[in-house]
Amino acid sequence: MEHEKAESTDEKGIISKYYDGIHFPTLVPGDVKDHLNAVKNLKHRECDILLGAFPKSGTHWAFDVLYMLQTGKAEYSFDKIIALDFEPTEKFDALDSPRVLVTHFYPQHIPKYMVDEKCKIVYIYRNPKDTAVSAHLFLQRFDMVGFLGYDGEWEQYLELFTKKHVYYNSWFDHVKSWMEFKKTNPHLPILFMSYEDMKRDLRSCVQVIAEHLGSKQDPEFLDQVADKCQFSPMSKAKTADKTETAMSKDGSNPFYRKGVVGDWKNMFTVAQSEMLDKVVEDKMAGIDLNFKYTL
Ligand code: A3P
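Please read all numbers here as calculations on a predicted model, not as lab measurements. The written sequence of each chain sets the order in which its residues are numbered from 1. Confidence filtering applies because this is a predicted model: local features only for residues at pLDDT of at least 70, side-chain atom pairs given and counted only at 80 or more, and all residues used for totals across whole chains, interfaces and linings. Side-chain measures here rest on the full set of heavy atoms in the structure, leaving out hydrogens and waters.

**Observations regarding the state of the cysteines**
Right, so step 1: Any two cysteine sulfur atoms within 2.5 Å of one another count as a disulfide. Following the criterion strictly, the structure yields 0 disulfides and no others.
Right, so step 2: Of all cysteine sulfurs, the one in C229 lies closest to C205, which takes part in no disulfide; the gap is 12 Å.

Put into structure tokens, the structure is as follows:
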């Protein structure tokens, strides 16, 4: 696929649309400023839920959990996941209620009514080492993005992830800004949930999310949701559906790979791991967020 002309690129980085200090993927439709404005002014719909996540933190996984809880049916969403970031806003007007809106945007970009009307928000985060590995391998398989100076080598991706920028700038900025948003808006119902906790005990996390949403909490239904959202049945069903496989270079489903905690150990050298530990120590100093690198 031809890459859309980027509005701004780095000499050695990822082709992006640059606006307001943030590198957005080129998949953001049209002019970024206009799109952000349209998202901000999205038409109000009662009971909407927002899922926020830095890319590769388990967005698709969490979406299905939320979708099932919100619809009250333990059935996969298939083609229902569309992100605020990548679609013209008319598409969201056309969605049936209840809507689960997904985004990798920063909190300042979310629809205004969601803040005004205290819509339920869930933010999923994942440890930065697994996130970086997942993103690097995703970008190699995904058929809709472009790079400049990035030729798919892990060393280069890690350098961008830690020292320069990737899409949405950085994992550090993203997680910190969502934490800050939660802290400065204590009246808003925002639930932080980690990929690792979901991996360790999905059933308990489904319960916590259902309580947060105020959705159906019948134990049998929650069991079904947790069973369906385990990696193996979910990736099998989503891959058989073909909606997402069309987006990969090799016919695989780019959104489902291994689905484990700790795969970073197969990619990071000891030196790279120590380097990232230092970056985390520096950039996340004073941040009260517990993320796990192993289970
Ligand atoms: P890996 O590449 O480490 O396997 P996103 O949806 O934000 O793009 O995140 C994709 C990551 O979530 C991928 O990680 C993918 O395999 C993982 N994932 C998707 N569904 C999952 C599930 N049901 N359980 C655990 N991990 C899942």
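**What about helix α5 (residues 128-141)?**
Right, so step 1: Helix and strand definitions here come from DSSP, where helices need a minimum of 4 consecutive H or I residues and strands a minimum of 2 consecutive E residues; each element is numbered from the N-terminal end. Helix span is expected to be 1.5 Å times the residue number reduced by one. The end-to-end C-alpha distance of α5 is 20 Å, a good match for the 20 Å that 14 residues give at a rise of 1.5 Å each.
Right, so step 2: Most of α5 sits inside the fold, with 13 of its 14 residues counted as buried.
Right, so step 3: Any N or O atom pair separated by 3.5 Å or less is treated as a polar contact, with the protein-specific requirement of one donor-capable and one acceptor-capable atom, and with residues adjacent in sequence counted only for side-chain atom pairs. Near the N-terminus of α5, the side chain that reaches the backbone nitrogen of K129, with its oxygen 3.0 Å away, is that of N127. The cut-offs for exposure are 20% and 50% of the maximum accessible area for each residue type, with area from a 1.4 Å probe on protein chains only; residues under the lower value are buried, those over the upper are exposed, and the others partly exposed.

**Let's talk about the packing of helix α2 (residues 59-71) against helix α9 (residues 202-213)**
The geometry of a pair of packed helices is captured by two quantities: the angle between their axes and the separation between those axes.
Right, so step 1: Following both chains from N to C, one finds α2 and α9 inclined at 55 degrees, their axes separated by 10 Å at the closest point. Relative to α9, the element α2 is oriented oblique. The interaxial crossing formed by α2 with α9 has right-handed handedness. Counted together, W61, V65, L66 and L69 of α2 and L202, V206, I209, A210 and L213 of α9 form the full contact between these two elements.
Right, so step 2: Three classes are used: nonpolar for Ala, Val, Leu, Ile, Met, Phe, Trp, Tyr, Cys and Pro, charged for Asp, Glu, Lys and Arg, and polar for all others, with Gly counted as polar. For the contact of α2 with α9, the residue count by class is 9 nonpolar, no polar and no charged. Think of each axis as a best-fit line through the C-alpha atoms, taken over the contacting stretch in the case of a helix, with angles from 0 to 180 degrees between the N-to-C directions. Should an angle lie under 35 degrees it is considered roughly parallel, over 145 roughly antiparallel, and from 65 to 115 roughly perpendicular; all remaining angles are considered oblique. Left-handed describes a crossing whose near helix is turned anticlockwise from the far helix by less than a right angle; the clockwise case is right-handed. Throughout, a contact is declared for two residues whenever any of their heavy atoms are within 4.5 Å.

**Considering the environment of F255**
Right, so step 1: You can see F255 is positioned in the loop between α11 (231-241) and α12 (270-283).
Right, so step 2: With 113 residues separating them in the primary sequence, F255 and F142 have C-alpha atoms 9.0 Å apart.
Right, so step 3: Those residues in contact with F255 that lie beyond four places of it in its chain are K56, H60, F138, F142, E244 and M247.

**Some remarks on the nonpolar core**
Right, so step 1: Side-chain atoms within 4.5 Å are what join buried Ala, Val, Leu, Ile, Met, Phe, Trp, Tyr and Cys residues into a set we call a nonpolar core. Among the nonpolar cores identified, the biggest contains 95 residues, and V65, L69, Y157, M198 and V225 are the most heavily contacted of them.
Right, so step 2: The element best represented in this core is α2, accounting for 8 residues.
Right, so step 3: Residue contacts for M198: discarding those within four places in its chain leaves W61, A62, V65, I124, M193 and C205.

**Some thoughts on the pairing of strand β8 (residues 190-194)**
Right, so step 1: Among the 5 residues in β8, 5 count as buried, and that is most of the element.
Right, so step 2: Alternating residues of β8 divide into I190, F192 and S194 and L191 and M193, and every residue in both groups is buried.
Right, so step 3: Strands pair, by our definition, only if DSSP identifies at least two bridges between them. In this structure, strand β6 (residues 120-125) lies alongside β8, joined through 5 bridges in parallel fashion. Looking at the pairing, V122 lines up with L191 of β8.

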